[in-house]
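# Geometric and topological summary
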Amino acid sequence: MNVELLNPFGQNFPENVVATLEDAALCLRYSPTGRFIAAGRYDGFISVWDTETKGIIRSMEGHVKGIVSVSWSRNSKYILTASKDWNCIIWDLKLGERTQTIRFDTPLVGASFHPRNSKIILVTLATQQCFICDLRKKRNGRVELSDAPIANGTNHDGESKASVKGTITVARFSADGKTVWLGTSSGALLIFHTRTKELISREKLINNYSIKHMEFDRAGNYLVLNSTERIVRAYSIDPDSEDKPTLTLLHKLQDPIQRSPWMGVSFSGDGEYVLAGSGNIASHGLYIWDRTTGDLEKILEGPKEPLTDLHWHPIKPHIASLAQSGLIHLWGRHVTENYSAFAPGFEELDENIEYEEREDEFDIPDEEEEQRRRQRVEEEEVDVDTVEPPEEKITKGRLVSVLAAPGQGDEEDAWADEDPDDDVEFDWFPPVMMEEDGDEEDGEF
């Protein structure tokens, strides 16, 4: 479906389940373009689904226990999986096989790629510890984000040390990758410099409740948190602060009737809506709030089975939700395509009308003038080598990036761009892999 044909004034959230993918998944994630869904399974396999054809394009085996999280590289060439088998695996979709395995001494609860370089990953362990793993040759190593002094020597409580070891429950890179945000079991939010690994901020957001989920919008301007308090909090982020990012609480969102816990949170592609999945064991409910007003816009009721994970499509008003049975439900809405967007003079007809021919409509054109026009078109130079970089903002119906182009960022970007990966082709599509037929013999067709 062409994004340009969508009604710009139409509804920006889905209405019902439009398709169900039969899988045995534990977690899922849309690719940066929204073309694919990566699903980590109970049996350690990872399935990559094409959202257009609703078919599997890759099925890869590597873990011996269930996969708890999946993460995409910036252009969809690599996938990172974390598992209960103590391993973290990087997959190459071009080859359909693993490229590197990172082993820890305990089960993992999450892992994600750095937004600029897939050789830098962030890992959270079941022991509530967090590591930044730098896989580049010159910087190969792991650094635990704990017991680090704050950059200015003290925090807002006057403490000189940040004893965060054994309390981290969730970790995320910021949208630009310059900072790492950690949620703790005591309701505190910790912010580290990605390059220096220094703790620059600690703020108590929730008293005596553990932070379960944390997500940024694509532009990095807003943050949503889910805690065991059963309240979803939406914050705005002020990036202009010199010392540290400043958070402003916008809304506290909850189910006022059932007070259900939440199994996951997400932002819409344009950041205008906040999504949360209900943890009610007797329903599959998705709650959508307006991020600006905090009003509840829609409650989507799905199959009568518990919800375990969800993610909003990065561009379209589509949602992927995961049921406890492992089925992936794709939510969407009926779209009326606007064909008049092709040209201002295009007219849509409700019924057949008699066409009136113009007097000169079928006149034979001047051959000399037509020849000159064709000559001008042939002589015009066409640049097929230059690729325009994505804009640094999000616009409706287009996939853009908040990352600066290589060589144009600051010191933090230059550090991340050292020894870059080869995931440089924008909107990369994996090649088709044909399955070999074992029954065929050489020389027979």
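Note: the structure precedes this text.
So, here's what we can say about the structure. (Residues numbered from 1 in each chain as written. Predicted model: local features only at pLDDT ≥ 70, side-chain atom pairs only at ≥ 80, totals over all residues. Heavy atoms only, no water.)

Below, the discussion takes up the state of the cysteines. For the structure shown, the criterion picks out zero disulfides. The thiol sulfur of Cys130 is not disulfide-bonded, and the nearest other cysteine sulfur, from Cys133, lies at 8.9 Å. By relative accessible area, which is 0% here, Cys130 ends up buried. In this structure Cys133 is not part of a disulfide, and its nearest cysteine sulfur, from Cys88, lies 7.2 Å away. On the accessibility criterion, Cys133 (1% relative accessible area) is buried. (Disulfide = S-S within 2.5 Å. Buried < 20%, exposed > 50% of the residue type's maximum accessible area, 1.4 Å probe, protein only.)

Counting buried residues along strand 3 (residues 36–41), six of its six residues qualify, which places the element largely inside the surrounding structure. Both faces of strand 3 are covered, namely the face carrying Phe36, Ala38 and Gly40 and the face carrying Ile37, Ala39 and Arg41. Two strands pair when backbone bridges link them, and strand 2 (residues 25–30) and strand 3 are joined in this way by five bridges, in the antiparallel orientation. The residue of strand 3 that forms the bridge with Leu28 is Ala39. Connecting strand 2 to the antiparallel partner strand 3 that follows it, the hairpin turn spans five residues, and Gly34 within it adopts a positive phi of roughly 80°. As paired strands, strand 3 and strand 4 (residues 45–50) are joined by five bridges and run antiparallel to one another. Paired with Gly40 across the two strands is Ile46, which belongs to strand 4. (Helix = DSSP H or I, 4+ residues; strand = E, 2+ residues; numbered from the N terminus. Pairing = 2+ DSSP bridges.)

Evaluation of the coordinates by the stated rule reveals 21 salt bridges. Close ionic contact of Arg29 with Glu215 constitutes a salt bridge, the shortest N to O distance being 3.3 Å. Linking Arg29 in strand 2 with Glu215 in strand 18 (residues 211–216), this pair joins segments that are 186 residues apart in sequence. Taking the relative accessible area as the measure of exposure, Glu215 reaches 11% and is therefore buried. The residue Arg41 makes a salt bridge to Asp43 at a minimum N-O spacing of 2.9 Å. Through salt bridges with shared partners, a single ionic network connects Arg116, Lys178, Asp413 and Asp417. (Salt bridge = Lys/Arg side-chain N within 4 Å of Asp/Glu carboxyl O.)

Function cannot be inferred from these measures alone, as they are strictly geometric.
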